[in-house]
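Reading the structure
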Amino acid sequence: MPVAGLTITLAADEALASNAITEMSSQHEIVLGRVDGRYMAAVMDTPSPSRSRDLHGWIESLAGVDYLDVVYVGFDPDPPDAPAPQPPISSTLPSP
Amino acid sequence: MLPKDVENYFDTHRRSTAIALAILLVTVISGFFMGMGQTRNFSDQTRDLRDRQSTSAENQPPSGKIPTAIGYGDLATATFRPNTNWSSSLNDLATADESYLPVAAMTKNERRAAILARESLRAFDGAPPVVPHPIDQISSSSCMNCHSATGPQPVIAGRTPARMSHTFLSNCTQCHVASSGHGEGVTDWKLGLGSIETRFAGLSIAAAGDRAYPEAPPVIPHTIRMRENCYSCHGSGRVNALTTSHPERQNCTQCHAISAAKEGRDFDLLRLRKPVRFPIDLNPPPPPASDPTPEPDTKGNPKP
Amino acid sequence: MSNTIDRRQFLRSSAMAAAIAAVHQRAFGSASALPQPKMTGIVWNKAPCRFCGTGCHVKVGVEAGKIVAIAGDEKAEVNKGLLCVKGYHVGGILYGEDRLTQPLIRRDGKLVPISWDSAITVIAERIAKNPKGFAFYGSGQWTVAEGYVAQKLMKGGLSNNHIEPNARLCMASAVTGFISTYGVDEPAGCYDDLDACDVVITWGNNPAEMHPVLFSRLIDRRSKGEKLQLIDLGTRRTRTTEHADHYIQFNPQSDLAIANCIAQQLIANDTYDKRFVEKFCAFRADPDPASLFGGPISFDDYKKSVAEYTPEYTAKISGVPVAQLKMLGKLFGTRGVKITSLWCMGMNQHTRGTAINRLVHGIHLLSGHWGTPGDAPTSLTGQPSACGTAREVGTLCHALPGGRIVAEKPHRRFCENHWNLPVGRINPKPGYHTITMWDKFCTPTAEGGDIDTLFVQVTNPGQSLPNLHKLYKAKEGLDDKFLVVSEIYPTATTELADLVLPASLWVEKNGIFGNSERRTQQWFKMVEPPGDARDDAWMTIAIARKLYDMGVEGMQDKSGRFLFHLETPDGKPYPVWNWDKYYNDEFNIDRALYEEYRGMTTWKNKDVAPYDELVKSRGLRWPVVQQSDGSWRETRFRFSEFDDPYVEKGKEIQFYHSTSKDDRAQIWFCPYEAPPEMPDETYPFWLCTGRVLEHWHTGTMTMRIPELRDAMPHTYVEMNPKDARELNLANGDIALLKSRRGEIQLPVWFGGRGTPPRGSVFVPFFDETLLINDLTLHDYCPVSKEPDYKKCAISIRKAPPEKAAETTPPPTP
């Protein structure tokens, strides 16, 4: 149950970058955060490491993404018995 | 009071005597360096000294045991002799405490203030800093008394002078010049081209080094050329720089990487190389086709 | 369950917090937080420093089209990564707020904008009207190509030899000293001597402030445990004296007596190097009047001439104790010890400049302290390309490129042939040297002032000429005189200019400099010049093209092509006069001009390296000779068989350009003569002028760098404290200095940088608001024509306070 904090470096081309943002926001496993300049914070909450890797590869493959850095990885040590329903994307994520 | 008593008194108050003597000698020495004829007001340091003397509790001698000062009229005939703490050498004065105690990391505002203070003394990051105090214009030997790379350093007005950050070079003023003129005391003449501004905007002093991830050791955000001795700026007690939070660790570049690009090292070579657009991924995801990892099982657990 | 969700929520929050922190740091950790972050960072490139003749290489860091940082270049042999305070701040010279950015013409006393084309037309029309009355004045700050096109325009195009550099005021005496001793200009040794010598003697020289990088190269040897003796021969105590083992203070001008005294002792004590003298030397003296090559004398004549200069006699003239003179005599008489002599303006700016240069070479030759690493007489230069441009390209009124002179017919023929010009185009008569040129320009035409248009590039004569009232300020009000000044900032020279052209500077253009040790150094353009500023070489070519279009005959070669006909690699003529095409991707004009010039350098074995070799190196010392494997090898020690490829096998040492045509160097005898002006009752003080560490030349660049200006904000008069006390002057008091030529008020400084002996004062000349050259003498050396800025007589008194207040110079607008 990996939860990863990502720093996404968007392409300099603004059209490409905004396409990438649209595509990523359509993925329910990705929560997009603040954008500073070309850098965007994001959290990827996936049910399995392999899914994580796939998503990672998918993000990197987007034309509007130059780099993808993983800055944080956490595992849920106590997985629930049943597949957990995805919590709604919260707009109350604390900002630092 | 007998001379013996004076000695005993000083023996029991060795520390405060040393500080008082340091203050006295430093004042004398700064006075000497400033030169007789100077009329400029360099009072910042002396004001600090006076404050220290009057407010610091440990500097106040206990009541009832103060030796009587000799009147000016009696100076010529008074018999002086050195007490046990007397020293004619700057190097024997109270010196900076460089014991490697843990130091609290600077706050954001402290960092900012330190960086601004640093910038005020440099044209750009990497330029030799100008000297923020009067200097002996003719000889470099006085610089070495406080700024040498080794040996004890006197604490002046609560500040520890920076050690020479680079290999020993004996002609200090070749690169480091005084920031406030040659100090011959001209104050009421408008001389020189003083009013012309510059549009030169030098490389600013890097605020912080990049980290690969939080908690990673930051890379060094500046050139280390002529700054090979990290402790010159980052050691405890230094001002205008980020002081290390772990002074007991001596091999800085073991963890803090240097940047060849920052220093322009081998730039002729760099020009020839093709830029690599993406960083090399040391741990690439396996290609999807051969990825045997199945989807999570029904319980949502990943396969071991 | 809810516990789990809380935990996941917590993990997500942590992950987001970390990601946001990382993003924040990415975005704001670097200087720019704008949408376009810096992905490339600083681009570094190499360039020689813009200031003195040392020729340090700097690394120039450029970001977003501007210089943001400077560093010493570790790969440079000259400075090995170290710089001086000027070098570290050299990037700032481009960015003074008052940079000139458009051509300006004087109308009704005011400078008003004018287009480039009109400006070039104005100059061309004046030249076309009176080609003989046109003069060109530049300096050792010209790049090689800039000096070369100026030289070609004047001598090859206009048959006019009135072209001079500021170098005439700077190292002309060193040139005549080298030529009259070795038959060819420039030092035989190089900076490697500084690493090898046991003793270094500074003759009226203060390298601790003026050539600090070389000085550090010397004294840092002591920190490495090597033994180095420093003997400072001077007329005032300086920072160099602080490091010296011996300080020998002499009366101004008596350096000639001291050098002769060393020769006298070498002969009297029989400690001269007989073998060296017999094999490699001849003797020579000046007939009357003095001339460049003099006449041969016998060893016996020489012996008799120097015999008079016993230590006792010399002590009387020089004020140096007999023991110190004997110490020098004994030192030169010792074999095995390596002695290097260094000098710069102290020996060159001297009414007997050629003579003292010859004598110092002479004692090195006589004692055999010559030709091996560490044993060398080495002159230092003050301008970045005094050697590369002024001396090697020969932008002097008597010279042609490659060590040639206009007076020699074969030399003229060679140049005419190389430039494809009709025979007889080059005028055999030398033009006006600097002092005469400015004198003729500042004298009304009706009174014989036959120079009416003067074009100044890359220097500031309105501040640097001696006796400014006579040689510069007298121009004011002469309506038929026209002064054109190409400059980067408003200066003392633009004050009187009729036309001001904005110039590009240093790394705003491609260029090549040549330093004091024969090292030719190349750099590329790295940033754009501001506004409409353009290259000096382009200005000269554009003027030539305008003259060509006007039909001026000299602008055509003998095939009818333009004087500056350049072809692209595929053989197409290139419009070099078109500024829009001056910098382009296919054709490097700097390279083309340099390669054309390079063909002229081999005759005196000054073979400079091919441009493409210079690009790869941090400069190469000529002669640069191609090896059998195709590589290029530089030469460190000329005339010595072990290093100079032009010395015949088995000769050991061969002066292959000897003026006596027998491979021998000339040991000169030149007598001591009293200076033309000495202190007397009315003017009881010696005045010496010079430089300080922080400022370079006239300070137009360094005074616009805050760090340098703050360290040395204005000039001053340096006095002996005892003299000051007698005159009731305290530090910072204002003194009134007067000479027969002018007066000035200056703040007094004693106990500062240096201490002159009683009866003499020192004043730096960098400050354009306080022009000490209003007072200096314009008498000059009869051979080199270089004036003496180091000695004249002045009076000093305390300025009356009300006068000090009313003559306060207004702040520069």
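A short tour of the structure in this document, coming up. (Residues numbered from 1 in each chain as written. Chains lettered and ligands numbered in written order. Predicted model: local features only at pLDDT ≥ 70, side-chain atom pairs only at ≥ 80, totals over all residues. Heavy atoms only, no water.)

1. Remarks on the packing of helix α5 (residues 172-182) of chain C against helix α16 (residues 353-366) of chain C
Residue and element names in this part refer to chain C. It is the contact of α5 with α16, at a shortest axis distance of 8 Å, that shows an interaxial angle of 45°. In terms of orientation, α5 and α16 fall into the oblique class. Where α5 crosses over α16, the two elements pack in a sense that is right-handed. Residues Ser-173, Ala-174, Thr-176, Gly-177, Phe-178, Ser-180, Thr-181 and Tyr-182 of α5 touch α16, and the partners they reach there are Gly-353, Thr-354, Asn-357, Arg-358, His-361 and Leu-365. When the residues that make up the contact of α5 with α16 are grouped by side-chain class, the tally is 4 nonpolar, 9 polar and 1 charged. (Axes fitted to C-alpha atoms, helices over the stretch in contact; angles between N-to-C directions. Helix = DSSP H or I, 4+ residues; strand = E, 2+ residues; numbered from the N terminus. Parallel < 35°, antiparallel > 145°, perpendicular 65-115°, else oblique. Left-handed = near helix turned anticlockwise from the far one by under 90°. Contact = heavy atoms within 4.5 Å. Nonpolar A, V, L, I, M, F, W, Y, C, P; charged D, E, K, R; others polar.)

2. Some details on the nonpolar core
Counting residues in each nonpolar core, the largest one holds 117 residues, and the members touching the most others are Val-60, Ile-67, Trp-506 and Val-507 of chain C. At 8 residues, the largest contribution of residues to this core is made by helix α22 (residues 536-549) of chain C. When sequence neighbours within four positions are dropped, the list of residues in contact with Ile-67 of chain C reads Phe-200 and Ala-201 of chain B together with Val-60, Gly-61, Val-62, Gly-91, Leu-94, Tyr-95, Trp-506, Val-507 and Val-527 of chain C. (Core = buried A, V, L, I, M, F, W, Y, C linked by side-chain atoms within 4.5 Å. Buried < 20%, exposed > 50% of the residue type's maximum accessible area, 1.4 Å probe, protein only.)

3. A look at the side chain of Asn-206 of chain C
Residues and elements named next belong to chain C. Tracing the backbone through its elements, the reader meets Asn-206 in the loop between β8 (199-203) and α7 (207-210). Polar side-chain contacts of Asn-206 include one of 3.3 Å to the side chain of Thr-238. Sequence-distant contacts of Asn-206, that is, excluding residues within four places in its chain, are made with His-211, Thr-238, Arg-239 and Thr-240. (Polar contact = N/O pair within 3.5 Å; in protein donor to acceptor, adjacent residues only side chain to side chain.)

4. Digging into the packing of helix α3 (residues 116-129) of chain C against α22 of chain C
Residue and element names in this part refer to chain C. Interhelical geometry of α3 versus α22 gives an angle of 60° and a closest axis separation of 9 Å. Read as a crossing pair, α3 and α22 show a hand that is right-handed. Residues Trp-116, Asp-117, Ile-120, Thr-121, Ile-123, Ala-124, Ile-127 and Ala-128 of α3 touch α22, and the partners they reach there are Trp-538, Met-539, Ala-542, Ile-543, Lys-546 and Leu-547. Residues of the contact of α3 with α22, tallied by class, amount to 11 nonpolar, 1 polar and 2 charged.

5. Description of the sheet that holds strand β1 (residues 2-10) of chain A
All names here are of chain A. The antiparallel open sheet is built from 4 strands, whose spatial order is β2-β3-β1-β4. Edge positions in the sheet fall to β2 (30-36) and β4 (65-75), since each has one partner strand and no second. Recorded for the sheet is a direction-independent mean angle of 20° between the axes of neighbouring strands. Bridge count for β1 against β4 is 9 bridges, and the pairing is antiparallel. (Pairing = 2+ DSSP bridges.)

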